[in-house]
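The primary structure of each chain is shown beneath.
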Amino acid sequence: MKVLVIGGGAREHALCRSLSLDPDVTSLHCAPGNAGIADVAELHAVDQLDGAAVAALASRLEADLVVVGPEGPLVAGVADAVRAAGVDCFGPSREAAELEGSKAFAKDVMAAAGVPTGRSYVCTTAEEADEALDAFGAPYVVKDDGLAAGKGVVVTDDLAAAREHAIACDRVVIEEFLDGPEVSLFAITDGVTVVPLQPAQDFKRALDGDEGPNTGGMGAYSPLPWADPKLVAEVMETVLQPTVDELRRRGTPFSGLLYAGLAITSRGVRVIEFNARFGDPETQVVLARLRTPLGGVLRAAAQGTLADLEPLRWSGDAAVTVVVASHNYPGTPRTGDPVEGLDAVVSEDAPYAYVLHAGTKRDGDRVVSAGGRVLSVTATGSDLAQARLRAYAALGRVRLDGGQHRTDIAEKAAGRLRSRF
């Protein structure tokens, strides 16, 4: 089949890489893509938020399947436009994507479905925000109701900082702090059947030791050796299936990738947030472990035939990804810096480690940075310790002036695993 992927980040590079390895995918395209995606897919210039333009491109390419990667196009209704053009699309409708587009909408759906989550208030004035902050106390959790590119959440003990963020948002959700480790669990759904993927953990803070500001994600790993083996089944029963059922009951069935950000609290599993697409950087490690060809799974979701699929097959290996970000990320990142050492990773570290591009572009013969998160260096291994060693070894060959990365991705989890033997 011919597949068109929409987006241009490391998530889309991971999707394109997996699709390129699927023997049933005979032609692979990406719009707009990036310098790394160009190695595995034909790139096309298109405004990814323009549904009519994306649908026209899909029709011109005679694509059998369109995969919408980022949240922006989904909330803008791009998947609706593609389906209206008669092309199968993996990604929820504009209405269903409000599960990510509006934190308040997601809370309403969870309440109706009986999904466990933190107590919250929706605030539209400074007075309402002050009351909510006072009611919950520190640590304060303040979330922009709309999309904010992974940086709309502030978790802080500083009341002034929490209040400043709340007032800067037109509409804000203030909620109780959820203790315990966080887990990301993806599920592919056609609106009825829900197929969970393997859980992962990502690292949102910019600096080692979970210090510094929130980012879009600085690394991830899978599997989770410390997690309860029954976690996926529990989340399927209490979170994922009830949410999909509730959206279908409302007349807005969710077809695509449902991402549950979870906290494993002292009172049990609680949903922190929903996303309506593959998460970044968790996708990089989850797809590194998936052995079932990806194209057929995504097409089955788009066509409503997930129930007919065989169970997904997974590698027993572990995967770790480390994000290389540009100077001053997540503030105002510097762009245009040359990225060097990519060929060395291919020659020295393949097939166990590889680089997925995020914010990159071609400048003549050079690859240069073009965004905040520039690369995801991903590796697999027999366990987390080996995968981690390989990821950081490959990362050591990459050079980006002013580049930054965390040095502790999966460190604790790998240590816990070693302590069991």
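Residues numbered from 1 in each chain as written. Predicted model: local features only at pLDDT ≥ 70, side-chain atom pairs only at ≥ 80, totals over all residues. Heavy atoms only, no water.

## Regarding the sheet that holds strand β15 (residues 219-222)
- If you walk across this open sheet you meet the five strands as β12-β15-β18-β23-β20, and the pairing is antiparallel. Looking along the sheet, the strands with just one partner apiece sit at the ends: β12 (201-202) and β20 (353-357).
- Two elements, β20 and strand β23 (residues 373-381), share five bridges in a ladder whose sense is antiparallel. Counted as the bridge partner of Y354 is T378 from β23.
- Along the sheet, helix α1 (residues 10-20) makes contact with β20 and β23, crossing β20 at roughly 125°.
- Sitting on the sheet, helix α12 (residues 342-349) is in contact with β20 and β23, with an inclination near 150° to β20. (Pairing = 2+ DSSP bridges. Helix = DSSP H or I, 4+ residues; strand = E, 2+ residues; numbered from the N terminus. Contact = heavy atoms within 4.5 Å. Axes fitted to C-alpha atoms, helices over the stretch in contact; angles between N-to-C directions.)

## So, the side chain of S18
- For S18, the position within the fold is in helix α1.
- The class of S18 is buried, set by a relative accessible area of 13%.
- Each residue touching S18, except ones within four places of it in the same chain, is listed here: L287 and L294. (Buried < 20%, exposed > 50% of the residue type's maximum accessible area, 1.4 Å probe, protein only.)

## Notes on the packing of aromatic side chains
- Inspection of every chain in the model, using the stated rule, returns five aromatic pairs.
- Plain terms: the ring middles of F90 and F278 are 6.2 Å apart, the flat faces sit at 35° to each other, and that makes the pair tilted. Pair noted here: F90 is in strand β5 (residues 88-90) and F278 is in the loop between β17 (268-275) and α10 (282-289), with a separation of 188 residues, a long-range link. For the pair F90 and F278, a shared accessibility class is recorded, and that class is buried.
- Aromatic pair F186 and F278: ring centres 5.8 Å apart, planes at 85°, arrangement edge-to-face. Of this pair, F186 sits in strand β10 (residues 182-189) while F278 sits in the loop between β17 and α10, and the two are 92 residues apart along the sequence. Neither residue differs from the other here; F186 and F278 are each classed as buried. (Phe/Tyr/Trp six-rings, centres within 6.5 Å; stacked < 30°, edge-to-face > 60°.)

## Digging into the side chain of R406
- Here R406 shows up in the loop between β24 (399-400) and α14 (411-419).
- Using a relative accessible area of 1% as the deciding quantity, one classes R406 as buried.
- Within polar-contact distance, the side chain of R406 engages the backbone oxygen of L207 at 3.3 Å.
- Contact partners of R406, with chain neighbours within four places excluded, come to F203, R205, A206, L207, D208, G209, D210, M218, V322 and Y392. (Polar contact = N/O pair within 3.5 Å; in protein donor to acceptor, adjacent residues only side chain to side chain.)

## Looking at the state of the cysteines
- A complete count under the given rule lists zero disulfides for this structure.
- With no disulfide partner, C30 has as its closest neighbouring cysteine sulfur the one in C16, 4.2 Å distant.
- C89 takes part in no disulfide bond, and the closest cysteine sulfur, belonging to C30, lies 13 Å away.
- Given a relative accessible area of 1%, C89 falls into the buried group. (Disulfide = S-S within 2.5 Å.)

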